[in-house]
Amino acid sequence: MSDIQLFRLAGGAAVELPGRAAAVEKQLQALIEGQMSAFLGVRFLASEYATGKTHKGRIDSLGLDENGCPVIVEYKRHSNENVINQGLFYLDWLLDHQAEFRWLVMERLGKDVADAIDWSGTRLLCIAADFTRYDQHAVQQIPRNIELLRYKLFADDLLLLELVNAVSVTDVTATKPDTEAAATAKSVSKDKSFDEQYAGALPETRAVYDILAAYVLALGDDVTERRLKLYTAFRRLKNFVSVVMYPNKMLVMLKVDPDTVALEDGFSRDVRLIGHWGTGDLELTVRTLADFDKAKPLIDRSYHEG
């Protein structure tokens, strides 16, 4: 069970707010779907998506995250419901029906977004009032991107989302190498992957990245690193740092309002109106450890604010 307690401070007294689960699963689902971008950094695509006559299932929620990766969200009210196995069944279905998902994205978000789908980061989010220790152990044994999120409702207008466990794999399509969409995506990409950019960077640049990555991961137990095709993303429930590698520098994208920062030519700039890889409105150019030291306070801000 979650050990988080929430108190209202008023008139010099501390009053604990009792937490509760949603009365019905559909209530939780409607709440998350209505604000999916704010809660999870995911663009909502469909609810109760039918998987056809053969599979005879319905995916609770389908979306596309801020990194262009497909996302399945499954909900459960009780800890004894086997939502993880059900979600894995849908995850495999989705990887086998990429053309159908791409068509859905094209209808809802446009062809450019559909063409940029990154299947390697396809993931499953399971949201529940609680998870058993068996659930948490099970996901560690499965080579899929799976995140367990515990929720709790407080009063009439407060929602807590807590990342309980997360598993990240480099490429979920590696276990399905013959899928047409995956083969096509790899053949048409002209840009070097993040791993290729990292391998080709100067030793001193790689050293600065390693120090930056260690620092960001140490900010909290809820931080995970996800290496994508063109950049690496550090996230809690949503990205808060994205890094693009070049031979002699890194571009670090942060979820910090550029209007609140004294921009410095050659180090920081506002990229709200500039096309860029990664997510975030503030871009930092980091070449040396001195640059990284200047970036630390802004990285901390992005962790807490983003």
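Okay, so let's go over this structure. (Residues numbered from 1 in each chain as written. Predicted model: local features only at pLDDT ≥ 70, side-chain atom pairs only at ≥ 80, totals over all residues. Heavy atoms only, no water.)

### A short note on the pairing of strand E8 (residues 145-154)
Reasoning step 1: The element E8 is largely enclosed, with a buried count of 10 among its 10 residues.
Reasoning step 2: Side-chain alternation along E8 places Asn145, Glu147, Leu149, Tyr151 and Leu153 on one buried face and Ile146, Leu148, Arg150, Lys152 and Phe154 on a second face that is also buried.
Reasoning step 3: Where strand E3 (residues 19-20) lies against E8, two bridges are found, and the strand directions are antiparallel. Bridge assignment links Gly19 to a residue of E8, and that residue is Phe154.
Reasoning step 4: Sheet topology places strand E7 (residues 123-128) next to E8; six bridges connect them, and they run parallel. Of the residues in E8, the one forming a bridge with Leu124 is Ile146.
Reasoning step 5: In terms of handedness, the path from E7 via helix H7 (residues 133-140) over to E8 forms a crossover that is right-handed.
Reasoning step 6: By the bridge criterion, nine bridges tie E8 to strand E9 (residues 158-167) in an arrangement that is antiparallel. Within E9, the position partnered with Leu149 by the bridge is Leu163.
Reasoning step 7: Here E8 folds back onto E9 in antiparallel fashion, the turn holding three residues, of which Ala155 has a positive phi close to 50 degrees. (Buried < 20%, exposed > 50% of the residue type's maximum accessible area, 1.4 Å probe, protein only. Helix = DSSP H or I, 4+ residues; strand = E, 2+ residues; numbered from the N terminus. Pairing = 2+ DSSP bridges. Right-handed = clockwise from strand over helix to strand, strands pointing away.)

### Observations concerning the nonpolar core
Reasoning step 1: Core analysis: the biggest nonpolar cluster contains 32 residues, and Leu62, Ile72 and Phe101 have the highest contact counts within it.
Reasoning step 2: Residue contributions to this core peak at eight residues, all from helix H4 (residues 83-96).
Reasoning step 3: The residues contacting Phe101, other than those within four sequence positions of it, are Leu45, Leu62, Gly63, Leu64, Pro70, Leu94, Ile117 and Trp119. (Core = buried A, V, L, I, M, F, W, Y, C linked by side-chain atoms within 4.5 Å. Contact = heavy atoms within 4.5 Å.)

### Focus: the environment of Val42
Reasoning step 1: Here Val42 shows up in strand E4 (residues 42-50).
Reasoning step 2: In this structure Val42 comes out as buried when scored by relative accessible area, which is 0%.
Reasoning step 3: Taking C-alpha positions, Val42 is 9.0 Å from Asn67, a pair spaced 25 residues apart along the chain.
Reasoning step 4: In contact with Val42, not counting residues within four places along its chain, are Met36, Ser37, Gly63, Leu64, Asp65, Val71 and Arg123.

### Thoughts on the pattern of salt bridges
Reasoning step 1: Summed over all chains, the structure comprises 21 salt bridges.
Reasoning step 2: A salt bridge links Arg227 to Asp195; the shortest N-O distance between them is 2.9 Å. Note that Arg227 is positioned in strand E10 (residues 224-227) and Asp195 in helix H9 (residues 194-200), a separation of 32 residues in sequence.
Reasoning step 3: Accessibility expressed as a relative area gives 28% for Arg227, which makes it partly exposed.
Reasoning step 4: For Asp195, a relative accessible area of 39% puts it in the partly exposed group.
Reasoning step 5: Linking Lys294 and Glu264 is a salt bridge whose minimum nitrogen-to-oxygen distance equals 2.8 Å. (Salt bridge = Lys/Arg side-chain N within 4 Å of Asp/Glu carboxyl O.)

### Concerning the sheet that holds strand E15 (residues 282-286)
Reasoning step 1: Here we have six strands laid out as an open sheet, ordered E10-E11-E12-E13-E15-E14, and antiparallel in their pairing. One side of each edge strand has no neighbouring strand; the edge strands of this open sheet are E10 and strand E14 (268-270). Within this sheet the neighbouring strands show an average axis-to-axis angle of 20 degrees, counted without direction.
Reasoning step 2: Looking at chain direction, strand E13 (residues 249-254) and E15 are connected through five bridges and run antiparallel. Looking across to E15, one finds that Met253 is bridged to Glu283.
Reasoning step 3: Sitting on the sheet, helix H11 (residues 289-305) is in contact with strand E12 (239-246), E13 and E15, with an inclination near 155 degrees to E15. (Axes fitted to C-alpha atoms, helices over the stretch in contact; angles between N-to-C directions.)

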